[in-house]
Amino acid sequence: SQTIHQWPATLVQPVGSPLSLECTVEGTSNPNLYWYRQAAGRGLQLLFYSVGIGQISSEVPQNLSASRPQDRQFILSSKKLLLSDSGFYLCAWSFLPTSGSVADTQYFGPGTRLTVL
Amino acid sequence: AQSVTQPDIHITVSEGASLELRCNYSYGATPYLFWYVQSPGQGLQLLLKYFSGDTLVQGIKGFEAEFKRSQSSFNLRKPSVHWSDAAEYFCAVGLPFPNDYKLSFGAGTTVTVRA
């Protein structure tokens, strides 16, 4: 069976400091990988997705970046955090859809609570 | 564009009472539909999904949902709510090619269970 891990679970960082959040998936190959953010009381915002190693697409302009150095590893980074980067960050994975199909189930990790002070 | 609407931001229900959460979608073809649940401070957990076939779908934790094409709805129900069902619930629709990597999520409905 597949599992998804995120760490750290909680992080408190000062404004202007760097960020690195990590997500790994076990038990599958070539997954689609996603980073979402939930601000307090808000819904899910898709930040980045990746269909393969080194292939990153950004959904919204922002202070963050993502990388996929290995097939089942997805990293969210920032060089200098802003107050507005605070939130709950979720990583998710899905199977690759076949051509002409529809997006399939996404499976979510436990999340990282980031507080920028 | 495909979209999902959850009309109820917050619902309060008594323990043991029934629960229904509404979800409406805007989509041209037969959609892939999902319900997720998020407990405070946790990730999202898949409750159930509809791809095709029987329009009444059974999920985990005693939940079910009914797809009604004529009403563009995919409402979630539970006959008897437990205190542990207090959480936020998200409805989602799978987008078609070329956006077939993406789910479109509703804004969520927060469920409070009172004793």
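Residues numbered from 1 in each chain as written. Chains lettered and ligands numbered in written order. Predicted model: local features only at pLDDT ≥ 70, side-chain atom pairs only at ≥ 80, totals over all residues. Heavy atoms only, no water.

Caption draft 1: Representation of the sheet that holds strand 1 (residues 3–7) of chain A. All names here are of chain A. Read across the sheet, 4 strands follow the order 1-3-8-7 without closing on themselves; strand pairing throughout is antiparallel. Edge strands, defined here as strands with exactly one partner in the open sheet, are strand 1 and strand 7 (65–70). Mean inter-strand twist for the sheet, computed between neighbouring axes without regard to direction, equals 20 degrees. As defined by bridge partners, strand 1 adjoins strand 3 (residues 19–26) across 5 bridges and the pair is classed as antiparallel. Note on strand 3: the bridge partner recorded for Thr3 is Glu26. (Pairing = 2+ DSSP bridges. Helix = DSSP H or I, 4+ residues; strand = E, 2+ residues; numbered from the N terminus. Axes fitted to C-alpha atoms, helices over the stretch in contact; angles between N-to-C directions.)

Caption draft 2: Here's a closer look at the state of the cysteines. Inspection of every chain in the model, using the stated rule, returns 2 disulfides over all chains. Residue pairing for Cys23(A): its cysteine sulfur links by disulfide to Cys91(A), the two sulfurs lying 2.0 Å apart. Residues Cys23(A) and Cys91(A) are joined by a disulfide whose S-S torsion is about -75 degrees; by sign, that bridge is left-handed. With a gap of 68 residues between them, Cys23(A) in strand 3 and Cys91(A) in strand 9 (residues 87–94) connect regions that are remote in the sequence. For the pair formed by Cys23(A) and Cys91(A), the shared burial category is buried. Put simply, Cys23(B) and Cys91(B) are joined by a disulfide, and their sulfur atoms are 2.0 Å apart. What sets the handedness of the Cys23(B) and Cys91(B) disulfide is the S-S torsion sign, and at about -65 degrees it is left-handed. Of this pair, Cys23(B) sits in the loop between strand 3 (19–21) and strand 4 (24–26) while Cys91(B) sits in strand 10 (residues 87–94), placing them 68 residues apart in sequence. For Cys91(B), a relative accessible area of 0% gives the class buried. (Disulfide = S-S within 2.5 Å. Buried < 20%, exposed > 50% of the residue type's maximum accessible area, 1.4 Å probe, protein only.)

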